[in-house]
Amino acid sequence: MTVLIVEDERTLARELGIFLYQHNFTCTTARTAREARQQLADNVFDFVLLDLGLPDGDGLQVLAEAKENELSAAVIVLTARGAVEDRISGLELGADDYLAKPFSLPELLARMHAITRRRFGLNKPLVAVAAFQLDLQTRRVLHAGQEVALSVKEFDVLSYLVLNRNRVLTRLQLSEHIWGNLPESGFDSNFIDAHIKNLRKKLGQHADTEWLETVRGVGYRARL
């Protein structure tokens, strides 16, 4: 999943980027309100981690403007401000969660996982997929209790299709989710096609994969 880190404190922004990269997120950093607005205008993200105390403006204003422009990303406000009023303002403007600094990186990850489950209507991280089970927290695919070995990117493609079950996703949407926001001039659909081919081969060694559909001329769908 893709994350925009809006944080002017370089050390914290770097720590967040490294930690999330280690947990298979693709991160972009903005250090000012202006940079954040530009990133949100140009790109699509799954998460925004938003500091309120930016050097050139208030993060709450950035959030308000983004929501007016129909921001689809989940927003977690990260701030040193401890006032209840600030927490309430952020949540009322549409933030999904709030963490006061200093915070635990594992707690942040757990909250991101919880938001993902809520957004896709899941009660627990284990998702049934035909004859398989996806564990979104440990990033494993299981069949009859045995793990099916997938690469990091193969799991990313599969999990995103499963979370958006019965919805057709284009190759570009899948690529942006996995590699970040790529200019269309540099987009190569063969990346996705190769991953789908590998998924069918690896999963097909255990059970039928007819539910992993190709939608001709458009992209792919997990029909579940």
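As annotated in an unreviewed UniProt entry, the protein carries the name Response regulator transcription factor and comes from Hymenobacter saemangeumensis.

### Notes on the overall build of the protein
Per the secondary structure count, the protein includes 8 helices and 14 strands. By the compact-globule yardstick of 17 Å for 224 residues, the protein fits well, its C-alpha radius of gyration being 18 Å. Summarising its shape, the C-alpha atoms of the protein cover approximately 55 × 40 × 30 Å along the three principal directions. Going through the 224 residues of the protein one by one, you find that 44% of them count as buried. Averaging the positions of the 27 positive and the 30 negative side-chain charges in the protein gives two centres separated by 7 Å.

### Considerations on the sheet that holds strand β7 (residues 97-100)
With respect to topology, 5 strands assemble into an open sheet ordered β2-β1-β3-β6-β7, the strand pairing being parallel. Each end of this open sheet is capped by a strand with a single partner; those strands are β2 (26-30) and β7. The mean angle between the axes of side-by-side strands here comes to 20°, regardless of whether they run parallel or antiparallel. Bridge analysis of strand β1 (residues 2-6) against strand β3 (residues 47-51) gives 4 bridges, and the strand direction is parallel. From the neighbouring strand, Leu4 faces β3, where its bridge partner is Val48.

### Topic: the packing of aromatic side chains
Across all of its chains, the model carries 2 aromatic pairs by this definition. Ring geometry for Phe25 against Phe47: centres 6.5 Å apart, planes inclined by 80°, an arrangement best described as edge-to-face. Here Phe25 is found in the loop between α1 (10-22) and β2, whereas its partner Phe47 is found in strand β3, with 22 residues between them in sequence. The same class applies to Phe25 and to Phe47, which are both buried.

### Describing the environment of Leu212
Following the sequence through the fold, Leu212 ends up in strand β13 (residues 212-215). The exposure class assigned to Leu212 is buried, which follows from its relative accessible area of 2%. Remark: the alpha-carbon pair of Leu212 and Arg139, spanning 73 residues in sequence, is separated by 19 Å.

### Focus on the pattern of salt bridges
Scanning all chains against the criterion turns up 11 salt bridges. For Glu107, the salt bridge is made with Arg111, and the minimal N-O distance between the two is 2.7 Å. Of this pair, Glu107 and Arg111 both sit in helix α5 (residues 105-119), 4 residues apart, roughly one helical turn. On the accessibility criterion, Glu107 (32% relative accessible area) is partly exposed. Residue Arg111 is classed as partly exposed on the basis of its relative accessible area of 25%.

### Overview of the packing of helix α7 (residues 171-179) against helix α8 (residues 190-204)
The packing of two helices is summarised by the inter-axis angle and the distance between the axes. Direction vectors running N to C along α7 and α8 enclose 85°, while the axes themselves pass 9 Å from each other. With respect to their mutual orientation, α7 and α8 come out roughly perpendicular. Here Arg171, Leu174, Ser175, Ile178 and Trp179 of α7 lie close against α8, whose contacting residues are Phe191, Ile192, Asp193 and His195.

### Comments concerning the packing of helix α6 (residues 152-163) against α7
Put simply, α6 and α7 touch, their axes get as near as 10 Å, and they point 125° apart. Between α6 and α7, the angle is such that the two are oblique. For the pair α6 and α7, the sense of crossing is right-handed. Here α6 contributes Lys153, Asp156, Val157, Tyr160 and Leu161 to the contact with α7, which in turn contributes Gln173, Leu174, His177, Ile178 and Trp179. Residue composition of the contact of α6 with α7, grouped by class: 6 nonpolar, 2 polar and 2 charged.

### A few points about the side chain of Thr209
Here Thr209 is to be found in the loop between α8 and β13. Residue class for Thr209 comes out buried when judged on its relative accessible area of 15%. The residues contacting Thr209, other than those within four sequence positions of it, are Arg200, Leu203 and Gly204.

Definitions and limits used
- Residues numbered from 1 in each chain as written.
- Predicted model: local features only at pLDDT ≥ 70, side-chain atom pairs only at ≥ 80, totals over all residues.
- Heavy atoms only, no water.
- Helix = DSSP H or I, 4+ residues; strand = E, 2+ residues; numbered from the N terminus.
- Rg over C-alpha atoms; globule rule 2.2 N^0.38 Å.
- Buried < 20%, exposed > 50% of the residue type's maximum accessible area, 1.4 Å probe, protein only.
- Lys, Arg positive; Asp, Glu negative; His and termini not counted.
- Charge placed at Lys NZ, Arg CZ, Asp CG, Glu CD.
- Pairing = 2+ DSSP bridges.
- Axes fitted to C-alpha atoms, helices over the stretch in contact; angles between N-to-C directions.
- Phe/Tyr/Trp six-rings, centres within 6.5 Å; stacked < 30°, edge-to-face > 60°.
- Salt bridge = Lys/Arg side-chain N within 4 Å of Asp/Glu carboxyl O.
- Parallel < 35°, antiparallel > 145°, perpendicular 65-115°, else oblique.
- Contact = heavy atoms within 4.5 Å.
- Left-handed = near helix turned anticlockwise from the far one by under 90°.
- Nonpolar A, V, L, I, M, F, W, Y, C, P; charged D, E, K, R; others polar.

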